[in-house]
Amino acid sequence: MAMARGTLDREQVAARLLDASAKHSFDPVHEVDWEQPQPSDLFYAVPEHVSLYGTPLWERMTPEQRIELSKQEIVNIMSMGIWFETILMRMLLKMAYERHRPESRHVQYAYTEVGDECRHSLMFIRMIETVGARPYGRPGYLNTLGRYVPVLLQGAPMWVGTLMGEEIVDVMQREMIRDERVQPLVRQVSKIHVIEETRHVSYAREALARRLPRAGRLEREHARLVAAESAVVVGEFMVNPAVYRRVGIADPEAARLMAKRNPHHLEVKRRAAAKVVPFFEELGLMGGPTLKRWRKSGFVD
């Protein structure tokens, strides 16, 4: 029996990604120079990416305080990445276990991506330790929600949530790689992550584009809701008051509100979403009541 066209396309995509993985995968334990110096005058993120950049509070900071804030914010992003990638690994394993033949290229690539994400999480943990920081925790409600995400997000919602977690950080890291004001260690870690995440984004985009045409109305509406709510969660992570507390800012909540209203920060967020939002629009996943949540996230006007 001939394979359905959608299945054939899925297998072709997975075969291509498996080949790319064989040629362009990294072991960060050995391929990142963990002993390299961290120059005291370099930032840990693109300065313009820092949430308070350009605000009155930023103008009052010393150069050392600005650099420390950039360090704590990249540690916060890495902590978010560990949380997200752990959830993604669980979703991929659940999908492979329950729904597909293990000999299919699609499932083989899912297992390959789990391996990538495991290495990424270990890389992020080691980077946090190497810069002399501690990971950030999560609000209790997100910690609880994360336990149930692999059950709640299946089909199109799973791929939508995956893309929101991957594409925002990917855009920001691409800018880090090119910016010589950023610590070499951060740029090296970002480069490895970007190269491997390119495959993950392709896998999720292809899967979502295949799934939506045969999804029912309930699944499509669920996917639309997940896109908007994921945007809110990512947006809130980017202005974590615990970051400001560690830096020594007297009123962390006031700093969070200042960052959320900061035009520079909003511009960074909209630039970071400049790939994923048009893709969702093309698939009919933007609009309606969820636009209010997108606006709350700061990723769209």
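One can find the structure itself at the top, above this paragraph.
For the structure given in this document, a descriptive report is provided here.

1. Observations regarding the side chain of Asn240
At step 1: On the secondary structure map, Asn240 appears in the loop between helix H9 (217-237) and helix H10 (241-247).
At step 2: A distance of 3.1 Å separates a polar atom in the side chain of Asn240 from a polar atom in the side chain of Asn76.
At step 3: At 3.0 Å, the side chain of Asn240 and the backbone nitrogen of Ala242 are in polar contact.
At step 4: If we skip the residues at most four places from it in the chain, Asn240 touches Asn76 and Tyr136.

2. Focus: the pattern of salt bridges
At step 1: Tallied over the full model, the rule gives 21 salt bridges.
At step 2: The closest approach of N and O atoms between Arg205 and Glu167, which form a salt bridge, is 2.8 Å. Residue Arg205 is located in helix H8 (residues 184-211), and its partner Glu167 is located in helix H7 (residues 156-178); the two are separated by 38 residues in the primary sequence.
At step 3: A relative accessible area of 24% places Arg205 in the partly exposed class.
At step 4: A salt bridge links Asp301 to Arg270; the shortest N-O distance between them is 3.0 Å. Taken together, the residues Asp301 in the segment after helix H14 (291-297) and Arg270 in helix H12 (residues 263-272) connect sequence positions 31 residues apart.
At step 5: The structure contains a network of salt bridges with shared partners spanning Asp116, Arg119, Glu196 and Arg199.

3. Considering helix H11 (residues 252-261)
At step 1: Every buried residue belonging to H11 is among Pro252, Ala255, Arg256 and Ala259, and all of these are buried. Seen end-on, H11 carries its buried residues on one side only, within an arc spanning 105 degrees.
At step 2: Against helix H3 (56-60), H9, H10 and H12 lie the buried residues of H11.

4. Here we look at the packing of H7 against H12
At step 1: Packing of H7 against H12 leaves a shortest axis separation of 8 Å and a crossing angle of 110 degrees. Regarding the angle of H7 to H12, the classification is roughly perpendicular. Residues Glu167, Ile168, Val171, Met172 and Glu175 of H7 pack against Val268, Arg271 and Ala272 of H12.
At step 2: By residue class, the composition of the contact of H7 with H12 is five nonpolar, no polar and three charged.

About the criteria used
- Residues numbered from 1 in each chain as written.
- Predicted model: local features only at pLDDT ≥ 70, side-chain atom pairs only at ≥ 80, totals over all residues.
- Heavy atoms only, no water.
- Helix = DSSP H or I, 4+ residues; strand = E, 2+ residues; numbered from the N terminus.
- Polar contact = N/O pair within 3.5 Å; in protein donor to acceptor, adjacent residues only side chain to side chain.
- Contact = heavy atoms within 4.5 Å.
- Salt bridge = Lys/Arg side-chain N within 4 Å of Asp/Glu carboxyl O.
- Buried < 20%, exposed > 50% of the residue type's maximum accessible area, 1.4 Å probe, protein only.
- Arc of directions from axis to C-beta.
- Axes fitted to C-alpha atoms, helices over the stretch in contact; angles between N-to-C directions.
- Parallel < 35°, antiparallel > 145°, perpendicular 65-115°, else oblique.
- Nonpolar A, V, L, I, M, F, W, Y, C, P; charged D, E, K, R; others polar.

Take it as geometry only, folks, not as evidence of what the structure does.
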